[in-house]
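Coordinate inspection notes
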Amino acid sequence: MERKRWECSALPNGWKREEVTRKSGLSAGKSDVYYFSPTGKKFRSKPQLARYLGNSMDLSSFDFRTGKMIFSKLNKNRQRLRYDQNSQNRGKPDLNTSLPVRQTASIFKQPVTKVTNHPSNKVKTDPQKAVEQPRQLFWERKLSGLNVYDIAEELVKSMELPKGLQGVGPGYADKTLLSAIASALHTSSAPITGQLSAAVEKNPGVWLNTSQPLCKAFMVTDEDIRKQEELVFSVRKRLEEALMADVLAQIEEAAIDVAGLKEEDKDDEEDAEEV
């Protein structure tokens, strides 16, 4: 393993950041980050570091991986704090379920009798509310241009859709189609079939089915399901191997740390004997 240690400018004076790069196993090339206090205490995670520092330092915008303060996180935390303060100033809705009190000229306050059911009551329905509410066409275009970034503010690679899925409508893009399919899967209980009408290509504003995503009609075959199962099995197998290699690497690292401590103790004893 290759170890590099240097001062961490984001933490108080005396704190050091160590990066250990793995040289073997499936996780070769990956690195682990640790922090050392001025007294030599080792920290392996951000929660452990936060518990040790307590209220002496705010680590909400501190990136444990890079050892830097991410100002975008700091701005988001400030906006969230400002929003929470505004919400508190507005006040909370009255959730009191007790019966109201009759405001009359009576000396004693008398509660109002609440009747929830009566033989002469008739249920009235609003026909306008029974009709399905209209939906905005091509609302998925609002999601165009949005990207996903990880904690290090690096762009996350988007998913690749199967070749059988083809979008329809103006301003079509793969990312827009992916957003439309994901929204349909989460918000609709009906089967996702795509746009079944062939006329949607000529005039999508008239023939577009708003309950279906902006893609042409498609069908999932048994062969597609079998390929997906094989892919999931392969990914799970690689994940299992990677986790096992990571556990072995941690055991090896712990053994190296123990051996290093023993050597340091031995050197201290030899120095004491010489003195």
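Here's a quick rundown of the structure. Because the structure is predicted, anything quoted here is derived from the model rather than measured.

Some remarks on the layout of surface pockets
Counted as a void, the largest pocket has a volume near 690 Å³. The wall of the largest pocket is formed by 20 residues, among which Pro 162, Leu 165, Phe 218, Val 220 and Gln 228 lie closest to the centre. Looking at the lining of the largest pocket, the elements with two or more residues in it are helix H4 (174-187) and helix H6 (222-274). Here the element with the most residues in the lining of the largest pocket is H6; it accounts for six residues.

Thoughts on the sheet that holds strand E1 (residues 2-7)
With respect to topology, four strands assemble into an open sheet ordered E1-E2-E3-E4, the strand pairing being antiparallel. The open sheet is flanked by E1 and strand E4 (42-43), the only strands paired with a single partner.

A closer look at the pattern of salt bridges
Oppositely charged side chains can pair when the atoms bearing their charge come close. Within this structure, the stated rule accounts for eight salt bridges. Between Glu 18 and Arg 3 there is a salt bridge whose closest N-O contact spans 3.5 Å. Here Glu 18 is found in strand E2 (residues 16-21), whereas its partner Arg 3 is found in strand E1, with 15 residues between them in sequence. The salt bridge partner of Glu 253 is Lys 42, with a shortest N-O separation of 3.8 Å. Linking Glu 253 in helix H6 with Lys 42 in strand E4, this pair joins segments that are 211 residues apart in sequence.

Here we look at the pairing of strand E3 (residues 31-36)
In terms of burial, E3 is largely enclosed, as six of its six residues are buried. Residues Ser 31, Val 33 and Tyr 35 line one face of E3 and the alternating positions Asp 32, Tyr 34 and Phe 36 line the opposite face, and both faces are buried. Sheet analysis places E2 next to E3, joined by six bridges and oriented antiparallel. Bridge pairing in E3 places Arg 17 opposite Tyr 35. Across two bridges, the pairing between E3 and E4 is antiparallel. Each residue of the ladder has a partner; that of Phe 36, found in E4, is Lys 42.

Definitions and limits used
- Residues numbered from 1 in each chain as written.
- Predicted model: local features only at pLDDT ≥ 70, side-chain atom pairs only at ≥ 80, totals over all residues.
- Heavy atoms only, no water.
- 1 Å grid on protein atoms, 1.4 Å probe; cavity = no way out; pocket = protein on both sides within 12 Å on 5 of 7 lines; lining within 4 Å.
- Points joined across faces, edges and corners; volume = space filled by probe spheres on them.
- Helix = DSSP H or I, 4+ residues; strand = E, 2+ residues; numbered from the N terminus.
- Pairing = 2+ DSSP bridges.
- Salt bridge = Lys/Arg side-chain N within 4 Å of Asp/Glu carboxyl O.
- Buried < 20%, exposed > 50% of the residue type's maximum accessible area, 1.4 Å probe, protein only.

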